[in-house]
Amino acid sequence: MFMKREICLLMVSTLFIPRVFASRGIEGVSEALATAENYHSTATVTVQLPQGGDDVVYNLELWSTPSVNGDTLNCCNYLIDWSLSTDNGISKGFTAYHDGNFYRNNDDRLQENHFGWDSIPFLMRHPVQSSSQFTDMLPQMLAKELNEVTSDPSWSYTFTPDTLYHGNPAAVLRARQTLHDVTARNVLYIFDPVTLMPLQIERENNPGSISEQMLIIRYTSTDTAPAEGMSEQALIERYPTVFEKFRESNFSLESMRGKFLPAFSLPTLTNQRYTRAKSDHFQVPVIVVFIDPSVATASQTIAELRKAQQMSPRSIDIIYAFLGSDREGVRELIGTPLPGEQILLSAQSLARNCGVTATPSLIIADPTATVKDVIIGFNKTLSTSVIEKTSVL
């Protein structure tokens, strides 16, 4: 048998298959997979182990679209959202890539890699953007895999474009990889004969060995939908808690330079709201200061900024954006607000949108609300740094 497990799939049929598809064979499937735009699918991944026991079943939702803007690091931008039922509850996470930016979340950890900061993870033998869990399920990734199957001499394969799968029309590819005269992998691919998108994939890894593993991937629905997660802001909006609680990288805040401050509307200390649209300008340079009242340097940060405001040769307004909603605690910390100060509460969403991962963090903006510089963390020369950075605006 080609597969170790008996798989009753194939019934030869005289089904009509489009002439273009029939004439191009597996190359036509690869091309359709590689060029699939706004791909969206739900799927399950079942992991079967040779020692028996309960199967491990992941539930997934996938979005992908071919890479654009000359991106040579990966064949597609994507978002993979997954969940797994465990004895301790539901485990969740996601993996995403777009334009040289990679994100991977597993419960309470968020990993980030950005090519602009560190190219090495993207250029390794097994780069993060294309070798992470479940990425081989994406149609664009499958196209690369099929190209390897048809071109690498370690693979042998048979392709049947006109058969039935569970009574439905299907195209089937069966492939085997042999390394050093030993079967390393058996793979069965089932494709929709019209859309050429995957319906099911069975991967038998290391058959007959102690590390044998069978993965069964079933695509439960497939359609075209606007690709999600193809920007950092889209990911932040989809997973706000993950980025607020588990983000460790300062990449996003550092990359704010040259961009406009985002729009926001936050409560003030006087039970009103401070609201600005993205296009709003300021009368003078503004410093947005993100402060966590529970951090020991909070009061020193305020003192240093007020010192800078008084000593600066030009007018500076300061927006204190406090994380949390404890009005009394903020009142005690800030004392009497001075002219040119705005005191805002519950600024977690603004901090998240700006990529703030540590406090204090300062954003220095010119009157057009363009971010000119950022300062992360407290130091005893904070007032001097603020004066220097605002004097050249």
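For the structure itself, consult the block above.
Everything numeric in this text was worked out from a predicted model, so none of it was measured.

Here is what the cut-offs are and how they apply
- Residues numbered from 1 in each chain as written.
- Predicted model: local features only at pLDDT ≥ 70, side-chain atom pairs only at ≥ 80, totals over all residues.
- Heavy atoms only, no water.
- Axes fitted to C-alpha atoms, helices over the stretch in contact; angles between N-to-C directions.
- Helix = DSSP H or I, 4+ residues; strand = E, 2+ residues; numbered from the N terminus.
- Parallel < 35°, antiparallel > 145°, perpendicular 65-115°, else oblique.
- Left-handed = near helix turned anticlockwise from the far one by under 90°.
- Contact = heavy atoms within 4.5 Å.
- Nonpolar A, V, L, I, M, F, W, Y, C, P; charged D, E, K, R; others polar.
- Expected span 1.5 Å × (residues − 1).
- Buried < 20%, exposed > 50% of the residue type's maximum accessible area, 1.4 Å probe, protein only.
- Polar contact = N/O pair within 3.5 Å; in protein donor to acceptor, adjacent residues only side chain to side chain.
- Core = buried A, V, L, I, M, F, W, Y, C linked by side-chain atoms within 4.5 Å.
- Pairing = 2+ DSSP bridges.
- Phe/Tyr/Trp six-rings, centres within 6.5 Å; stacked < 30°, edge-to-face > 60°.
- 1 Å grid on protein atoms, 1.4 Å probe; cavity = no way out; pocket = protein on both sides within 12 Å on 5 of 7 lines; lining within 4 Å.
- Points joined across faces, edges and corners; volume = space filled by probe spheres on them.

**Re the packing of helix H9 (residues 298-311) against helix H12 (residues 382-391)**
Consideration 1: Relative orientation of the contacting elements H9 and H12 amounts to 40 degrees, with a least axis distance of 8 Å. Considered as vectors, H9 and H12 are oriented oblique to each other. Of the two elements, H9 crosses H12, and the hand of that crossing is right-handed. Contacts between H9 and H12 involve Thr301, Glu304, Leu305, Lys307, Ala308 and Met311 from the first element and Leu382, Ser383, Val386 and Ile387 from the second.
Consideration 2: Class assignment of the residues belonging to the contact of H9 with H12 gives a composition of six nonpolar, two polar and two charged.

**Topic: H9**
Note that an α-helix has 3.6 residues per turn; residues three or four places apart therefore point the same way.
Consideration 1: A rise of 1.5 Å per residue sets the reference length of H9, with its 14 residues, at 20 Å; its end C-alpha atoms lie 20 Å apart and thus fit the reference within 8%.
Consideration 2: Among all positions of H9, only Ala298, Thr301, Ile302, Glu304, Leu305, Arg306, Ala308 and Gln309 are buried.
Consideration 3: Elements that come into contact with the buried residues of H9 comprise strand E14 (286-291), strand E15 (317-322), helix H10 (327-334), strand E16 (341-344), strand E17 (361-365) and H12.

**Side note on the environment of glutamate 61**
Consideration 1: Structurally, the position occupied by glutamate 61 is in strand E2 (residues 56-66).
Consideration 2: Along the backbone, glutamate 61 and serine 221 are 160 residues apart, and their C-alpha atoms lie at a distance of 9.6 Å.
Consideration 3: Looking at glutamate 61, its side chain comes within polar contact range of the side chain of histidine 40, at 2.7 Å.

**Digging into the nonpolar core**
Consideration 1: The biggest cluster of nonpolar side chains holds 43 residues, and the ones touching the most others in it are Val45, Leu60, Met137 and Tyr189.
Consideration 2: When contributions to this core are tallied by element, the ones reaching two or more residues are helix H2 (26-34), strand E1 (39-48), E2, strand E3 (76-86), helix H5 (139-151), strand E8 (168-179), strand E9 (182-191) and strand E11 (213-224).
Consideration 3: Ignoring any residue separated from it by four or fewer positions in sequence, one finds methionine 137 in contact with Ala43, Val45, Leu60, Leu62, Leu142, Ile217 and Tyr219.
Consideration 4: Judged by nonpolar contacts, the second largest core, of 23 residues, contains Met256, Tyr274, Cys354 and Ala369.

**Focus on the sheet that holds E1**
Consideration 1: Overall, antiparallel pairing links the eleven strands, which are arranged E6-E5-E4-E3-E2-E1-E11-E10-E9-E8-E7 in an open sheet. Every interior strand has two partners, whereas the edge strands, strand E6 (109-114) and strand E7 (155-165), have only one. Taken over all neighbouring pairs, the strand axes of this sheet differ in orientation by 15 degrees on average, direction set aside.
Consideration 2: As paired elements, strand E10 (residues 198-205) and E11 share six bridges and run antiparallel to each other. Paired with asparagine 205 across the strands is glutamine 213, a residue of E11.
Consideration 3: The strands touched by H5 are E1, E2, E3, E7, E8, E9, E10 and E11; relative to E9, the strand with the most contacts, the crossing angle is about 130 degrees.

**Digging into the sheet that holds E14**
Consideration 1: Read across the sheet, five strands follow the order E16-E15-E14-E17-E18 without closing on themselves; strand pairing throughout is mixed. Each edge of the open sheet is held by one strand with a lone partner, namely E16 and strand E18 (371-376). Across the sheet, the mean angle separating the axes of adjacent strands is 15 degrees when strand polarity is ignored.
Consideration 2: In this sheet, E17 lies alongside E14 in antiparallel orientation, the contact comprising five bridges. Bridged to valine 288 within E17 is isoleucine 363.
Consideration 3: Contacting E14, E15, E16 and E17, H9 crosses the sheet at an angle of about 170 degrees to E15.
Consideration 4: Across the sheet, H12 lies against E14, E17 and E18, angled at about 170 degrees from E18, the strand it touches most.

**Re the packing of aromatic side chains**
Consideration 1: Scanning all chains against the criterion turns up ten aromatic pairs.
Consideration 2: Taking the centre distance of 6.0 Å and the plane angle of 75 degrees together, the rings of tyrosine 58 and tryptophan 82 count as edge-to-face. In this pair, tyrosine 58 is assigned in strand E2 and tryptophan 82 in strand E3, connecting sequence segments 24 residues apart. Across this residue pair, the class does not change: tyrosine 58 and tryptophan 82 are buried.
Consideration 3: Each member of the aromatic cluster is reached from another via a ring pair, and the members are Phe94, Tyr103, Tyr239 and Phe243.

**Structural notes on the layout of surface pockets**
Taking a probe equal in size to a water molecule and rolling it over the atoms shows the remaining empty space.
Consideration 1: The space that makes up the largest pocket amounts to roughly 670 Å³.
Consideration 2: What lines the largest pocket is a set of 23 residues, among which Ser130, Ser131, Thr135, Asp136 and Glu145 lie closest to the centre.
Consideration 3: When residues of the lining of the largest pocket are traced back to their parent elements, those giving at least two are E1, helix H4 (128-131), H5 and E11.
Consideration 4: Per-element tally for the lining of the largest pocket: the top contributor is H5, with four residues.
Consideration 5: Grouping the constituent residues of the lining of the largest pocket by class yields ten nonpolar, six polar and seven charged.
Consideration 6: Size it by volume and the second largest pocket reaches roughly 430 Å³.
Consideration 7: As for the second largest pocket, its lining consists of 16 residues, of which Glu232, Gln233, Ser252, Ser255 and Lys259 are closest to the centre.
Consideration 8: Of all the secondary structure elements, the ones that give two or more residues to the lining of the second largest pocket are strand E5 (101-106), helix H6 (232-238) and helix H8 (251-254).
Consideration 9: The leading source of residues in the lining of the second largest pocket is H6, at three residues.
Consideration 10: Tallied by class, the residues present in the lining of the second largest pocket amount to six nonpolar, seven polar and three charged.

**Notes on the side chain of histidine 40**
Consideration 1: Of note, histidine 40 is situated in strand E1.
Consideration 2: Owing to a relative accessible area of 12%, histidine 40 belongs among the buried residues under this scheme.
Consideration 3: Discounting residues that sit within four places of it in the chain, histidine 40 has contacts with Glu61, Leu62, Trp63, Ser221, Thr222, Asp223 and Ala225.

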